[in-house]
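Here is how the chains run, residue by residue.
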Amino acid sequence: MRRDYDVIVVGAGHAGCEAACAAARLGSCTLLITIDMNKIAQMSCNPAVGGIAKGQIVREIDALGGQMGIVTDRSSIQFRMLNRSKGPAMWSPRSQSDRQQFILEWRNVLENTPNLYMWQDSVDEFVIEGGVVKGVKTALGMNFQAQAVILTAGTFLNGLMHVGPVKTPGGRVSEPPARGITEQLASFGFTVGRMKTGTPPRLDERTIDFSQAIKQEGEQDFHHFSFLPGTTSRLPQRPCWIVHTNEQVHEVLRKGLPQSPLYNGQITSIGPRYCPSIETKIVTFADKTSHQLFIEPEGAQTHEMYLNGFSSSLPWDVQIEALRHIPALRDVHAFRPGYAIEYDFFDPTQLTHTLESKLVKNLFLAGQVNGTTGYEEAAGQGLIAGINAHQNVTGGEPFTLARNEAYIGVLIDDLVTCGVDEPYRMFTSRAEHRILLRQDDADMRLTERGYQLGLATPERYELMRSKREQIDRLTAFCRDFTVKAAVINPTLEALGMQPLSQGQRLHDLLLRPQLNMEILAKALPELQAQIEALEGDRREEILEAAEIAIKYRGYIERESAIAERVSRLDNVTLKGKFDYTQIHQISTEARQKLQAIDPETVGQASRIPGVSPSDINILLVLLGR
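Just so it is clear, the model here is predicted, and its values are computed rather than measured.

(A) Local environment of the overall build of the protein. When helices and strands are tallied, the protein shows 21 helices and 22 strands. Against the globule reference of 25 Å for 625 residues, the protein gives a C-alpha radius of gyration of 26 Å, in line with a compact fold. Projected onto its principal axes, the C-alpha positions of the protein cover 80 × 70 × 55 Å. Here the protein, with 625 residues, has 58% of them falling under the buried criterion. Considering only intrachain contacts with a sequence separation of at least 6, the fraction spanning at least 24 residues in the protein is 73%. Counting every atom, the protein has about 25100 Å² of accessible surface; 49% of that belongs to carbon and sulfur. Computing the positive centroid from 65 side-chain charges and the negative centroid from 74, the protein places the two 2 Å apart.

(B) Quick peek at the side chain of Gln 391. Mapped onto the elements of the fold, Gln 391 is located in helix H9 (residues 375-394). Accessibility expressed as a relative area gives 11% for Gln 391, which makes it buried. The contact partners of Gln 391, leaving out residues within four places of it in the chain, are Gly 396, Glu 397 and Leu 453.

(C) Quick look at the pairing of strand S7 (residues 123-129). Note that S7 and strand S8 (residues 132-138) share six bridges and pair antiparallel. For Glu 125, the partnering residue across the bridge sits in S8 and is Lys 137. Hairpin geometry of S7 and S8 is characterised by an intervening segment of two residues between the two adjacent antiparallel strands and by a positive phi of about 60° at Gly 130.

(D) Broad picture of the sheet that holds strand S11 (residues 166-169). Across the sheet, which stays open at both edges, the four strands sit in the order S11-S10-S19-S12 with antiparallel pairing between neighbours. Single-partner strands in this sheet number two, and they are S11 and strand S12 (192-199). When the angles between neighbouring strand axes are averaged without regard to direction, this sheet yields 25°. Pairing analysis gives four bridges linking strand S10 (residues 160-163) to S11, with the strands arranged antiparallel. Paired with Leu 160 across the two strands is Pro 169, which belongs to S11.

(E) How the structure looks around the nonpolar core. Ranked by size, the top nonpolar core spans 101 residues in total, and within it Ile 8, Trp 106, Phe 126 and Leu 151 carry the most contacts. Examining the composition of this core, we find that nine residues originate from one element, H9, more than from any other. Apart from the residues lying within four places of it in its own chain, the contact partners of Leu 151 are Val 10, Phe 126, Leu 157, Ile 181, Leu 185, Phe 346, Phe 364, Leu 365, Ala 366 and Val 369. Judged by nonpolar contacts, the second largest core, of 28 residues, contains Phe 481, Leu 509, Leu 534 and Ala 546.

(F) Molecular detail of the pairing of S12. Along S12, six of the eight residues are buried, which leaves the element largely enclosed by surrounding structure. Relative to strand S19 (residues 339-346), S12 runs antiparallel, the two being bridged by eight bridges. In the sheet register, Thr 199 faces S19, and the bridge partner there is Tyr 339.

(G) Representation of unusual backbone geometry in the model. Despite not being glycine, Asn 115 shows a phi value in the positive range, around 75°. Along the polypeptide, Asn 115 turns up in the loop between helix H4 (99-111) and strand S6 (116-120). Phi is positive for Asn 362, which is not a glycine, with a value near 70°. Along the chain, the position of Asn 362 falls in the loop between S19 and strand S20 (363-365).

(H) Examining helix H13 (residues 485-494) more closely. Residues of H13 that are buried: Ala 485, Ile 488, Asn 489, Thr 491 and Leu 492. Those residues of H13 that are buried are in contact with strand S21 (482-483), helix H14 (506-509) and helix H15 (517-523).

(I) Up close: the state of the cysteines. According to the stated counting rule, one finds zero disulfides in the structure shown. With no disulfide of its own, Cys 21 lies closest to Cys 17 among cysteine sulfurs, the gap being 8.3 Å. Overall, Cys 21 belongs to the buried group, its relative accessible area being 2%.

(J) The arrangement of helix H6 (residues 247-256) in detail. Among all positions in H6, only Val 249, His 250, Val 252, Leu 253 and Gly 256 are buried. All buried residues of H6 lie within an arc of 160° about the axis, which places them on one face of the element. Buried residues along H6 sit against helix H7 (278-284) and helix H8 (316-323).

Conventions adopted
Numbering of residues starts from 1 in every chain and runs along the sequence as written. Local features are withheld for residues below a pLDDT of 70 in this predicted model, meaning they are given only at 70 or higher, and side-chain atom pairs are given and counted only at 80 or more; totals for whole chains, interfaces and linings count all residues. Side-chain calculation: all heavy atoms of the structure are included, whereas hydrogens and water are not. For helices the rule is a DSSP run of H or I covering at least 4 residues; for strands it is a run of E covering at least 2, with both sets numbered from the N terminus onward. Only C-alpha atoms enter the radius of gyration; for comparison, a globular chain is expected to reach 2.2 Å times N to the power 0.38, where N is the number of residues. Exposed residues in this analysis have more than 50% of their type's maximum accessible area, buried residues have under 20%, and partly exposed residues fall in between, with area computed by a 1.4 Å probe over protein chains only. In what follows, a contact means two residues having at least one pair of non-hydrogen atoms within 4.5 Å. The Shrake-Rupley method, run with a 1.4 Å probe, gives the accessible areas here. Residue values count only the displayed protein chains as cover. In this count, Lys and Arg are taken as positive residues and Asp and Glu as negative ones, while His and the chain termini are left out. For charged residues, the charge sits on one atom: NZ in Lys, CZ in Arg, CG in Asp, CD in Glu. A pair of strands counts as paired when DSSP detects no fewer than two bridges linking them. The angle between two axes is taken between their N-to-C directions and runs from 0 to 180 degrees, where each axis is a line fitted to C-alpha atoms and a helix contributes only its stretch in contact. Take the buried residues of types Ala, Val, Leu, Ile, Met, Phe, Trp, Tyr and Cys, join any two whose side-chain atoms come within 4.5 Å, and each joined set is a nonpolar core. Disulfides are defined as cysteine sulfur pairs within 2.5 Å. Throughout, the arc means that of the directions going from the helix axis to the C-beta atoms.

Given below as structure tokens:
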């Protein structure tokens, strides 16, 4: 039994799986320790991946060479592109997954990754000597040595579940909490807090009247998560269903509020503002008479259904009584009630942008232990932590992503710069350069970086390079080709559009919102020939990317120029230059925040809440700029 590793990953959730896989594929001998190997990458809450901004993160993970997109595609039972009515910067992929198949696909990836080993156990403490982590000790009495350790414990650190007045220790249903780690890290100066999240009841499909629900089918087009070909699902596709609460439901819930741990003082930790429990909804939005709920399948074959939007910690009988006032659920049988869970997290401002702790060298933290919520946010952090743990072990350069490079970059910068006062969830609105961070071009942005690092494969890199060449060739054709008025006017008039008085470049014609390449190709054989010359199995993907590049070129170029100007401050190093307590020209709040966070650059300092533009100007003057 091997006891000595390069990297140890504690916890096999979404962050831990990406971290372990990345470190091992880069060449570090890696050990992944988990309480239960049968629940690797368990979808603790909803059986879905992606969504608003989260889908962009998954595509970025895939573009860099991570695994979440591939696993999701292979276990998908429904795929949809959200926000299609808005601009492409808002388009967000989302997939329902078969919960059990998702675990099997991830386990297959992990078991077939060279340099990666697994051990089923619980970590009780870290071995820390001279401010450097040296390994871990487990509940079974094992001592494992490592040069770097990544903590990805999710909701397990002192986890406590609530169903009405009933409190059960655990990180998930039927799984024990992790104890000892929080207390040990607190003794080393880590700032600890408590957060709360929740999950809804699971329902028996056979007891639901779907004639009283609205059917929501998936999309059957070329979109999926991974940029690699051949990752599509072979599972039967299933619909979701929409139902709504009503005043009768709300009245039952209101009567139950005195028994709610959220309102009787039993739970005092911070809950997610953007994914509230149903009892929070009826209190916060007291004027609303109805809330939309989604009934989502847990798998391709199972009868178990997930009630999205009805997260609750109320007593089980209150939950069931409320549900039975929804027409589609009047005879519903529940497999288990919803519950809330409280758990420990650590202040992420005590981390660097590599997700390494500032307090213990070579100790990395990723996922919900950093105050985030969501599988995708966790996986993105896990990937970066795994990469940098390997870099630390091998003496490589730190790997970070800027805010104008990736949503993952926005996520980590927000965490380590601003900290969290509630469970952090990614939104497109958090990214000031979101027109540059679209889901369609994640490979254009990141695959070369992943390839240079050694994580993205040569096959992935060649696919990206070929795609870029084909996009460039098609956009160049559109810039150079002139459309004759006599040829295109019948098409324009049939669509009720203003005809041309003279010839116009195809590029400019495409700027009309009503037109796209598919419509124009029917009237222009030259364009049709260009489209048919595209790589067959990726033709639609390339065509969409080229069309976005043409239609939004002005916005993209303007945003790129703004991002470049802003990023100059991120090139001005600040760390270690000042004792901020002695700079009395800046505000007291700025002194305190700068001293506590010790930002790497002036750009990071400018994003710290409480640090004003005038404070930044003073720092630039002191730096001789």
